[in-house]
Every structure is written in structure tokens, then in C-alpha cells.
Amino acid sequence: MRRMRGTALAAVGMAGVLALAGCAKDSGKSNTASGSGDNSSGSGCVAAPKPPAAPAAATSSTTDGGKVDGSKLKVGLAFDVGGRGDASFNDAAAAGTDRAKAELGVPSVQESTASPTESEAARQQRLEQMAGQGLNPIVAVGFAYESAVKTVATKHPDIKFAIVDDDTITLPNVTPLVFAEEQGSFLAGVAAAYKSKNCHVGFVGGVNTPLIQKFEAGYLQGAKAASDKIKIEDEYLTPAGDNTGFQDPAKGNAKAAAEIAKGADVVYHAAGASGKGVFDAAKSANALAIGVDSDQYNQKTVAADKDIILTSMVKRVDVAVFGFLRAVAKNDLGSLPKRFDLKVDGVGYSTSGGKVDDIKDVLDGYKAQIISGAITVSDKPAK
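Here, residues in each chain are numbered from 1, in the same order as that chain's written sequence. Given that this is a predicted model, residues contribute local features only at a pLDDT of at least 70 and side-chain atom pairs are listed and counted only at 80 or more, while totals for whole chains, interfaces and linings are drawn from all residues. Hydrogens and water are ignored here; the side-chain numbers use all heavy atoms of the structure.

- The protein chain is annotated in an unreviewed UniProt entry as Nucleoside-binding protein from Amycolatopsis sulphurea.
- A UniProt comment under Subcellular location (unreviewed entry) is attached to the protein chain, and it reads "Cell membrane". UniProt positions are given in the numbering used here, feature names are shortened, and annotations may be inferred rather than shown by experiment.

And the structure:
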């Protein structure tokens, strides 16, 4: 059913978006004015009529069906750096377990958070302690847990584990929860190009890893698809191996401020808790920013900056975590998607705040192209 609806969506949006892309690339009148929270579409970078309205995409089926009883689950949630309250990746995972409490009757969830500089032994000990306390299932949030999950899951074959952002473990009791971050980030790039007055946008990555490069790759490709005149600033906070890049708002602020000083008036971050600094820099400079993972416009920890949040690339870690817990309770792990992509609403974009309402048809048209396969989004940055 999802494929049929995705195909129909693509057919409706196909002609309009192809015409739109060609028209957009023929425009590109530059404007050197600073960014503004009320940027309108077609202001300096792309100028094209809206394509025909595209129907809504199919949603995930991982939560379809009747009521499921999760009252016997004892859930362990091992957070990545930043933990609950990061207004991003970890909060999305927490939202999944919170929903499981409300809808499945899961009685409680034991949480533990990684520190930025902790050792592999510390991650392994965290999972081992959860297993020793009889928690089952256990969800590890982030690829940094790959080695620890593999070790602990091997020792506890009767405990079900899930790991977010890693699909290299082939143990029967480990379920990978992976996403098409590049697809959602493509739409963020299109939005940035349409809302940039300077035809100049920026990207701030937290840690330079293959995972974060997927966000970068999609964003670059989307911005360039919308306008061949776009200029892009593209920076990381820390190299691979230094996970402090996900929890350093001051560094995020400095990097974003530097990109804005060079002319970028829309900045997209994939930097975890460091994104708060990116938002602060954008607000100080009267620019716009794009959030990540959660709908950051509605996050309390960044509420002071909500007026400059254009949209967020929503990575539905909450859907994946809830779907996993529901599938465990139902004893039907085979029902989960192999990858949470646009087809199953595993990634997407937010509309809170109304700043992309005028280009929603544009974004949904590109979304249709991706779902149909007419546009293939690379997960490797092309610079």
C-alpha cells in the first residue's frame, strides 16, 4: 500500500517539479541584504511558480493495527552524548519510549546517558548493567554503541536489543533502526535555497562521521537542485573520534556566526546539542536556521530561538523506537521497515511556525520525486 501511494504521489508531482527545477535554475538574482526571519520564497535565489499541489505522502505502518499490550516490557534506554533534553536526537528517542508508556502500557523506562569522552568499556558496562537488572528490550541510541551492543547482545541472547544508526550487527537478537537522513536533508536544502535572500546558505555538522555526512550530502544536493547559483558554507565542529562536537553550543555558535559573516543567511545544523549555539548565532544576526532530528520549533530548550527556525529535518527516531517496542510486545519484529525513509515517513520536514507554508507544494513535489526514484539522493557529499 505504501508503495502504491508513493507511486501515485510521484506521478502527480513529476511534471510540476521538473518544470520547477528548470525554472529555478534559470533564476538566481542575487541580493546582498542580510537574512531575515520573514524571508519569502523566490527572494534572490529561486523564482518560480508553485507546482501543482502534491498529495500527502504515505505514513509509516509500523504503528498500524489494534491495541498492543506492552505492560510486561522492562525497557532500557541508553542515550548518546547529550541525553534527554538535547532538543534533538536523544529527545526523539525519549519521545518514542514516552509514547510506549502512554499507548502500550510500558510501566517504566530506565535511562542512562553517555558522556562525551567516555571509553568503550563504559558504554559496554552501561548495557551490561541494564541486562543484569533484567531489562528487556534495551535500546542503544547511536552508532557509538555498535561494539558494546555486539558484545553484550552476544552474552545475552535472550534479551532483545535495538541500535539506532547502525546496521552492521548481524546477531538475531539485535534490530537495526536506520534512516535515510540524506533524503530529509535534501528537502531542507531546497527550503534553504528558496528562503535565502543572499542565495548563500550554510551547514554545520557536529562530528565529521559517515553518518553526519549523510545529512551534509542531502542538504548540498537539495540546495543545488533548487538553484545552480547557490553558495554554500560547509563546516564541522570536530573530527571523527571527538564526540564533543555534539555537545558544544559555544563552538556551534562560533562556527555558525562565521558562516553568517561570510554571507550565509540560512544555516542547517546536524550537531546535536551544539545546535543551540547555531540557533543563537542565527538569531543574533537576523538570519534563519534549520533544525534537525526533532521538530525543534517546539523544543522547550531552544524556545528563545523559535522565531528564526525555518523548519527542521525530522528524523523519526521516535517512530522507530516506538515501532520497535510495539513489535517486541507483539512478537513481530519482521514488520519493521528495513530503513526509515520518506516512503514510510521515517524522515521529513516540519511546518511548525508557518515559514515554509508557501513552499510546501515545492517540497512535497521534490519529496514525490525522491519516493518515485526519479531523484536519487546520494549519501556521500559532492563538493
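Having seen it, we continue.
Side note on the overall build of the protein chain
Alright, step 1. Looking only at helices and strands, the protein chain features 10 helices and 11 strands.
Alright, step 2. For every residue, the accessible area obtained with a 1.4 Å probe (protein chains only) is divided by the maximum for its type, and the residue is called buried under 20%, exposed over 50%, and partly exposed between those limits. Expressed as a percentage of its 383 residues, the buried residues of the protein chain come to 56%.
Alright, step 3. We call two residues in contact when some of their heavy atoms are within 4.5 Å. Put simply, 73% of the contacts in the protein chain that link residues at least 6 apart link residues at least 24 apart.
Alright, step 4. Per-residue and other accessible areas follow the Shrake-Rupley method at a 1.4 Å probe size, with only the shown protein chains counted as cover for residues. For the protein chain, the accessible area works out to roughly 14600 Å², and carbon and sulfur atoms hold 50% of it. Helix numbering and strand numbering both begin at the N terminus, where a helix is a DSSP run of H or I of at least 4 residues and a strand a DSSP run of E of at least 2.

Describing the sheet that holds strand E3 (residues 138-141)
Two orientations exist for strands paired in a sheet by backbone hydrogen bonds: parallel and antiparallel.
Alright, step 1. Spatially, the five strands line up as an open sheet ordered E2-E1-E3-E4-E5, and their pairing is parallel. Either end of the sheet is taken by a strand with one partner, and the two such strands are strand E2 (109-113) and strand E5 (174-177). When the angles between neighbouring strand axes are averaged without regard to direction, this sheet yields 15°.
Alright, step 2. Here strand E1 (residues 75-79) runs beside E3; their pairing, made up of three bridges, is parallel. Following the sheet pairing, Leu 77 is matched in E3 by Val 139.
Alright, step 3. Together, E3, strand E4 (161-164) and E5 form the strand contacts of helix H4 (residues 146-155), whose direction differs from that of E4 by roughly 170°.
Alright, step 4. Those strands touched by helix H9 (residues 317-330) are E1, E3, E4 and E5, and its axis lies near 155° from that of E5. In short, DSSP must find at least two bridges between two strands for them to pair. Note on method: axes are straight lines fitted to C-alpha atoms, helices fitted across the in-contact stretch only, with angles between N-to-C directions ranging 0 to 180 degrees.

A closer look at the pairing of strand E10 (residues 309-315)
Alright, step 1. The element E10 is extensively covered by neighbouring structure, given that seven of its seven residues are classed as buried.
Alright, step 2. Looking at chain direction, strand E9 (residues 288-293) and E10 are connected through five bridges and run parallel. Each bridged residue has a counterpart across the sheet, and for Gly 291 the counterpart in E10 is Ser 312.
Alright, step 3. Looking at chain direction, E10 and strand E11 (residues 347-349) are connected through three bridges and run antiparallel. Across the sheet, the residue bridging to Lys 315 is Val 347, located in E11.

A short note on helix H2 (residues 89-104)
Since the α-helix turns once every 3.6 residues, residues separated by three or four places project in the same direction.
Alright, step 1. How far a helix is expected to stretch is found by multiplying one less than its residue total by 1.5 Å. With 16 residues, H2 ought to run about 22 Å at 1.5 Å a step, and its terminal C-alpha atoms sit 22 Å apart, in line with that.
Alright, step 2. Looking at H2, one finds that the buried residues are Phe 89, Asn 90, Asp 91, Ala 92, Ala 93, Ala 94, Gly 96, Thr 97, Ala 100 and Leu 104.
Alright, step 3. Immediately beyond the C-terminal end of H2, within one or two residues, lies Gly 105, with a positive phi of roughly 80°.

Describing the packing of H2 against H9
Alright, step 1. Between H2 and H9, the shortest axis-to-axis distance is 7 Å and the interhelical angle comes to 40°. Between H2 and H9, the crossing angle belongs to the class labelled oblique. The chirality of how H2 crosses H9 is right-handed. Contacts between H2 and H9 pair Phe 89, Ala 92, Ala 93, Ala 95, Gly 96, Thr 97, Arg 99, Ala 100, Glu 103 and Leu 104 from the former with Val 317, Asp 318, Val 321, Phe 322, Leu 325 and Arg 326 from the latter. Any angle from 65 to 115 degrees is called roughly perpendicular, while one under 35 is roughly parallel, one over 145 is roughly antiparallel, and all others are oblique. We call a crossing left-handed when the near helix sits turned anticlockwise from the far one by less than a right angle, and right-handed when that turn is clockwise.

Let's talk about the state of the cysteines
Alright, step 1. Note on disulfides: each one is a pair of cysteine sulfur atoms within 2.5 Å. Scanning the entire structure with this criterion turns up one disulfide.
Alright, step 2. One disulfide bridge connects Cys 45 with Cys 199, the sulfur atoms lying 2.2 Å from each other. Given an S-S torsion of about 50°, the disulfide between Cys 45 and Cys 199 has right-handed geometry. With a gap of 154 residues between them, Cys 45 in the loop between helix H1 (2-26) and E1 and Cys 199 in the loop between helix H5 (181-195) and strand E6 (200-208) connect regions that are remote in the sequence.
Alright, step 3. Look at Cys 45 and you get buried, because its relative accessible area is 1%.

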